[in-house]
Amino acid sequence: MRLESSPRLRTLIVDDEPPARERLRLFLADEPEIEIVGECGSGDDALGAIERESPDLVFLDIQMPIMDGFEVLASLDADRLPGVIFATAYDQYALRAFDVHAIDYLLKPFTRERLHEAVRVALDRLARRGAAGSDPALRALLDAVRESRRARPRITVRTDGRVLVLQTADIDWVEAAANYVRIHARGESHALRESMKNMEAKLPPELFIRIHRSAIVNVDRIRELQPWFHGEVVVILRDGTRLIASRAFVERLHAAIG
């Protein structure tokens, strides 16, 4: 958030349909408080743009292929959320979630007047939360989305122009890799733009456990534990992979495997 240093809200448009992005851009030209800093046609591109541009406000389409708007939201750091104006065609789940958490949204197709109203609501919400604060309603929605995603038995990974659908039960372990995580599953590894914190939140807690700040393991893949130096433990997986469980996580590890 940079409300003090910029008189206009740095705004990102995210929608997989070019006509929808163009419509938003034209309508927003009449909003003097808005400065468009980018447009994205996919959730994956949106995550990169949000990290790069640090926008104050994001117009976020819900119904996008591969990574929908809720998955974009669930992948963001809860402590650094921009303001969000959601846009959706009729989606019963989305509308119910917005209503429960008192979140304003645009129902497609929307008019110029309705967009103007949504911008006014967003400006008021951003002003009330302050430059360093957070939006309780948006954080509550984020928590609900993350909880619902935990129940999903799959994770999608974009690689080499393909979209891979991984069953969470097939994942052996996950490691941190700079701004990405690397998912190891069925003898292959796949890079995903995600933080370890958010990845841990997406995985079912009854099956996966954090053993190190840079490693999450499928409990069912653990074959053996061996003591190591300074209270650490060597975790040996069924495929022979050897990982280190740091002392801070050892007690949770022993509890998880019984």
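Structure: see above.
Just so it is clear, the model here is predicted, and its values are computed rather than measured. Along each chain, numbering runs from 1 in the same order as the chain's sequence is written. In keeping with the predicted nature of the model, local features appear solely for residues at pLDDT of at least 70, side-chain atom pairs appear and are counted solely at 80 or more, and the whole-chain, interface and lining totals rest on all residues. Note that the side-chain values use all heavy atoms of the structure and ignore hydrogens as well as water.

Student: How do you make sense of the packing of aromatic side chains when you look at a structure like this?
Tutor: In this description, an aromatic ring pair is defined by two values, namely the gap between the centres and the angle between the planes. Aromatic pairing here means that ring centres of Phe, Tyr or Trp (its six-membered ring) are within 6.5 Å. Orientation follows from the plane angle: under 30 degrees is stacked, over 60 is edge-to-face, and everything else is tilted. Following the criterion strictly, the structure yields six aromatic pairs and no others. Site record: aromatic cluster; members linked through ring pairs are Phe-70, Phe-86, Phe-98 and Tyr-105. Distance and angle both matter: a charge sits over a ring if NZ of Lys or CZ of Arg is within 6 Å of the ring centre and within 35 degrees of the ring normal. Arg-23 extends its terminal NZ or CZ atom over the ring of Phe-110, reaching a point 5.9 Å from the ring centre.

Student: Is there a simple way to think about the environment of Gly-69 in this case?
Tutor: Secondary structure elements follow DSSP: runs of H or I no shorter than four residues count as helices, runs of E no shorter than two count as strands, and numbering proceeds from the N terminus. For Gly-69, the position within the fold is in helix 3 (residues 69-75). The buried label goes to any residue with under 20% of its type's maximum accessible area, the exposed label to any with over 50%, and the partly exposed label to all in between, with areas taken from a 1.4 Å probe on protein chains only. By relative accessible area, which is 0% here, Gly-69 ends up buried. Once the C-alpha coordinates of Gly-69 and Thr-88 are considered, the two residues, 19 residues apart in sequence, prove to be 9.3 Å apart. When near neighbours in sequence (up to four residues on either side) are disregarded, Gly-69 contacts Leu-60, Asp-61, Ile-62 and Met-64. Whether two residues are in contact is decided by their heavy atoms, any of which lying within 4.5 Å being enough.

Student: Just checking my understanding: could you explain the nonpolar core for this structure?
Tutor: Here is a general trend for soluble globular proteins: nonpolar side chains tend to be buried in one another's company. Of all hydrophobic cores here, the largest spans 32 residues; its most connected members are Phe-86, Phe-98 and Leu-141. Within the residue set of this core, elements represented by two or more residues are strand 1 (9-14), helix 2 (43-53), strand 3 (57-61), helix 3, strand 4 (83-88), helix 4 (92-100) and helix 6 (136-150). In terms of residue count, helix 6 provides more of this core than any other element does, five residues in total. Take the buried residues of types Ala, Val, Leu, Ile, Met, Phe, Trp, Tyr and Cys, join any two whose side-chain atoms come within 4.5 Å, and each joined set is a nonpolar core. Leu-28, Ile-34, Leu-57 and Ala-122 belong to the second largest nonpolar core, which has 17 residues in total.

Student: Teacher, can you tell me more about the pattern of salt bridges here?
Tutor: Two side chains bearing opposite charge may form a pair once their charged atoms approach each other closely. What makes a salt bridge here is a side-chain nitrogen of Lys or Arg within 4 Å of a carboxyl oxygen of Asp or Glu, nothing more. Taken as a whole and assessed by the stated rule, the structure comprises 16 salt bridges. One salt bridge in this structure joins Asp-30 and Arg-112, with 2.5 Å as the shortest N-O distance. Here the residue Asp-30 occupies a position in the loop between helix 1 (18-28) and strand 2 (34-40), and Arg-112 occupies one in helix 5 (residues 112-129), the gap between them amounting to 82 residues. Looking at Asp-30, the relative accessible area reads 47%, which means it is partly exposed. Residue Arg-112 is classed as partly exposed on the basis of its relative accessible area of 37%. Residues Arg-114 and Asp-104 are paired through a salt bridge, measuring 2.8 Å at the closest nitrogen-oxygen approach. Of the two residues, Arg-114 sits in helix 5 while Asp-104 sits in the loop between helix 4 and strand 5 (105-107), which places them ten residues apart along the sequence. Three or more residues joined by partner-sharing salt bridges are found here, namely Arg-10, Arg-52 and Glu-53.

Student: Got a minute to help me understand the pairing of strand 14 (residues 233-237) in this structure?
Tutor: One face of the sheet, then the other: side chains in a regular strand alternate in exactly this way. With respect to burial, strand 14 is a largely interior element, five of its five residues being buried. Residues Val-233, Val-235 and Leu-237 line one face of strand 14 and the alternating positions Val-234 and Ile-236 line the opposite face, and both faces are buried. Pairing between two strands requires that DSSP report at least two bridges joining them. Alignment of strand 13 (residues 222-227) against strand 14, held across five bridges, turns out to be antiparallel. What sits directly across from Gln-226, in strand 14, is Val-234. Linking strand 13 back to strand 14 in an antiparallel pair, the connection comprises five residues, with His-230 at a positive phi of about 55°. Judged from the four bridges that link them, strand 14 and strand 15 (residues 242-245) form a sheet pairing that is antiparallel. Looking at strand 15, one finds that Val-233 is bridged to Ala-245. Between strand 14 and the antiparallel strand that follows it, strand 15, lie four residues; Gly-240 among them carries a positive phi value of about 95°.

Student: I would appreciate a short explanation of the sheet that holds strand 13 in the present structure.
Tutor: Remark on secondary structure: sheet strands pair via backbone hydrogen bonds, oriented parallel or antiparallel. Here we have three strands laid out as an open sheet, ordered 13-14-15, and antiparallel in their pairing. Two strands close off the open sheet at either side, each with one partner strand: strand 13 and strand 15. Geometrically, the sheet is characterised by an average inter-axis angle of 30° between neighbouring strands, direction not taken into account. Along the sheet face, helix 8 (residues 247-257) touches strand 13, strand 14 and strand 15 and points at about 135° away from the line of strand 13. Each axis is a line fitted through C-alpha atoms, and for a helix only the stretch in contact is used; angles between axes span 0 to 180 degrees, taken between their N-to-C directions.

Student: I tried to follow helix 1 on my own but got confused; where do I start?
Tutor: Residues three or four positions apart in an α-helix share a direction because the helix packs 3.6 residues into each turn. Residues of helix 1 that are buried: Ala-20, Arg-21, Leu-24, Phe-27 and Leu-28. Taken down its axis, helix 1 places every buried residue within 130° of arc, on the same side. Away from the buried face of helix 1 by more than 90 degrees, exposed residues Pro-19 and Leu-26 are located. As used here, the arc belongs to the directions running from the helix axis to the C-beta atoms.

Student: I tried to follow the packing of helix 1 against helix 5 on my own but got confused; where do I start?
Tutor: Two numbers describe a pair of packed helices, the interaxial angle and the distance between the axes. One way to put it is that helix 1 packs onto helix 5 with a least axis distance of 10 Å and a crossing angle of 70°. When the axis of helix 1 is compared with that of helix 5, the two are roughly perpendicular. In this structure, helix 1 contributes Leu-24, Leu-26, Phe-27 and Leu-28 to the contact, and helix 5 contributes Arg-112, Leu-115 and Val-119. Residues are grouped as follows: nonpolar covers Ala, Val, Leu, Ile, Met, Phe, Trp, Tyr, Cys and Pro; charged covers Asp, Glu, Lys and Arg; every other residue, Gly included, is treated as polar. When grouped by side-chain class, the residues that make up the contact of helix 1 with helix 5 number six nonpolar, no polar and one charged. Here the word oblique covers every angle except those under 35 degrees (roughly parallel), over 145 (roughly antiparallel) and from 65 to 115 (roughly perpendicular).

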